[in-house]
Amino acid sequence: MSANPNIAEVAALLADPSRAEILMTLLDGRYHTASDLAYAAAIKPQTASFHLAKMVQAGLVTGEKSGRHRYYQLANKEVARILESFLSISQPKEVRSFKQSSQTKMLRKARTCYDHLAGELGVSLTESMNESGYLDKEEKEFVVTPKGEEFYVDFGINLSELRKKRRSFSRVCLDWSERKHHLAGALGQAFADQLFERNWVKRVPTIRAVEVTPTGKRELKKLFNLEFD
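**Quick look at a nonpolar patch on the surface**
No. 1: Together, Ile 82, Phe 86 and Ile 89 give the surface a local cluster of nonpolar side chains, amounting to about 300 Å² of exposed area.
No. 2: Examined against the element boundaries, Ile 89 turns out to sit in the loop between helix H5 (77-88) and helix H6 (98-109).

Structure below.
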């Protein structure tokens, strides 16, 4: 018998369309109830609970009970990275409704990739920071330049604390919709957190898309020379 991990078991879990839809919903990095996830996957809550139990057992998802409800989240950032890598090599789904078309456009425009920004917004911001001389792109990481050190500190990000975290500091992440790289890792999360806290972007209910607020449109134009409709 092989001593290698059971890849087939995990692959089988991902192969089910309902489970895949649940995992894609959880890519927003937030906690969701089984009912929320059932709605997103267009299945019954009992069916969602069955799928979630299997994914918890496999270590893809964690559950936490609070009051009358149990809330679910991806087990860790590594699971999110694997899911994003699958998205980057997957063919787009056939659009069957106006709602699906609208949601797809929103996700491509701006979304969260677990804990950092992705889509056109995430890629454009990363490219702007690269062109401004705040970041230098290497094969697997972005390197913060001396000019970037000053910029991020002024932006309210404690780089020293981020570098102490037991995770990648400024990882290069391939964007599945743009087919370009955006900023991930601890710095990507901290940067996204700042945009949320400043109300430059806000989350869209039910899906992991985000919207640029009127304040955000003004400030992104001023600071990064980016325009968003």
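**Observations regarding the environment of Ala 118**
No. 1: Structurally, the position occupied by Ala 118 is in strand E5 (residues 116-118).
No. 2: When the C-alpha positions of Ala 118 and Leu 107 are compared, they lie 8.7 Å apart, and in sequence the two are eleven residues distant.
No. 3: Apart from residues lying up to four places away in sequence, Ala 118 is in contact with Ala 110, Arg 111, Cys 113, Asp 175 and His 182.

**Observations regarding unusual backbone geometry**
No. 1: One non-glycine residue, Tyr 114, lies in the positive phi region at around 65 degrees.
No. 2: Residue position: Tyr 114 is located in the loop between strand E4 (111-113) and E5.
No. 3: Overall, the relative accessible area of 12% leaves Tyr 114 in the buried class.
No. 4: The backbone phi angle of Asn 199 is positive, close to 60 degrees, even though this residue is not glycine.
No. 5: Take Asn 199: it is sitting in the loop between helix H10 (185-197) and strand E10 (201-203).
No. 6: The class of Asn 199 is partly exposed, set by a relative accessible area of 41%.

**Considerations on the pairing of strand E2 (residues 61-66)**
No. 1: Judged from the six bridges that link them, E2 and strand E3 (residues 69-74) form a sheet pairing that is antiparallel. Following the sheet pairing, Ser 66 is matched in E3 by His 69.
No. 2: Linking E2 back to E3 in an antiparallel pair, the connection comprises two residues, with Gly 67 at a positive phi of about 65 degrees.

**Description of helix H3 (residues 34-41)**
No. 1: Of all the residues in H3, the buried ones are Ala 34, Leu 37, Ala 38 and Ala 41. Relative to the axis of H3, the buried residues are bounded by an arc of 105 degrees and lie together on one face.
No. 2: Here the buried face of H3 lies against helix H2 (17-26), strand E1 (32-33), helix H4 (45-57) and E3.
No. 3: Phi for Ala 42, located one or two positions after H3, is positive at around 60 degrees.

**With respect to H4**
No. 1: Taking 1.5 Å of rise per residue, 13 residues should cover 18 Å, and H4 covers 18 Å from first to last C-alpha, within 8% of that figure.
No. 2: Residues Ala 48, His 51, Leu 52 and Met 55 constitute the buried set of H4. Seen along its axis, H4 keeps its buried residues to an arc of 105 degrees; they face one direction. Turned more than 90 degrees off the buried face of H4, the exposed positions are Gln 46 and Gln 57.
No. 3: Buried positions along H4 lie against H2, H3, E2 and E3.
No. 4: Directly after H4, the chain includes Gly 59, whose backbone phi takes a positive value near 85 degrees.

Rules behind the numbers
- Counting restarts for each chain: residues are numbered from 1 in the order of the written sequence.
- Per-residue local features are limited, in this predicted model, to residues with pLDDT of at least 70; the limit for side-chain atom pairs, both in listing and counting, is 80 or more; totals at the level of whole chains, interfaces and linings are taken over all residues.
- The side-chain quantities take in all heavy atoms of the structure and omit both hydrogens and water.
- Residues forming no salt bridge and having over 30% relative accessible area are the ones grouped into patches, like charges within 9 Å of each other and nonpolar side chains (Val, Leu, Ile, Met, Phe, Trp, Tyr) within 5 Å.
- Where accessible areas are quoted, they stem from the Shrake-Rupley method and a 1.4 Å probe; at the residue level, only the protein chains shown are allowed to cover.
- Take a side-chain nitrogen of Lys or Arg and a carboxyl oxygen of Asp or Glu: if they are within 4 Å of each other, that pair is a salt bridge.
- Helix and strand definitions here come from DSSP, where helices need a minimum of 4 consecutive H or I residues and strands a minimum of 2 consecutive E residues; each element is numbered from the N-terminal end.
- Throughout, a contact is declared for two residues whenever any of their heavy atoms are within 4.5 Å.
- Per-residue accessibility, obtained with a 1.4 Å probe over protein chains only, is compared with the maximum for each type, and a residue is labelled buried under 20%, exposed over 50%, and partly exposed between these values.
- Strand pairing follows a simple DSSP-based rule, namely that at least 2 bridges must link the two strands.
- The directions considered for the arc run from the helix axis to the C-beta atoms.
- Expected span of a helix, by definition, is 1.5 Å for each gap between consecutive residues, and there is one gap fewer than residues.

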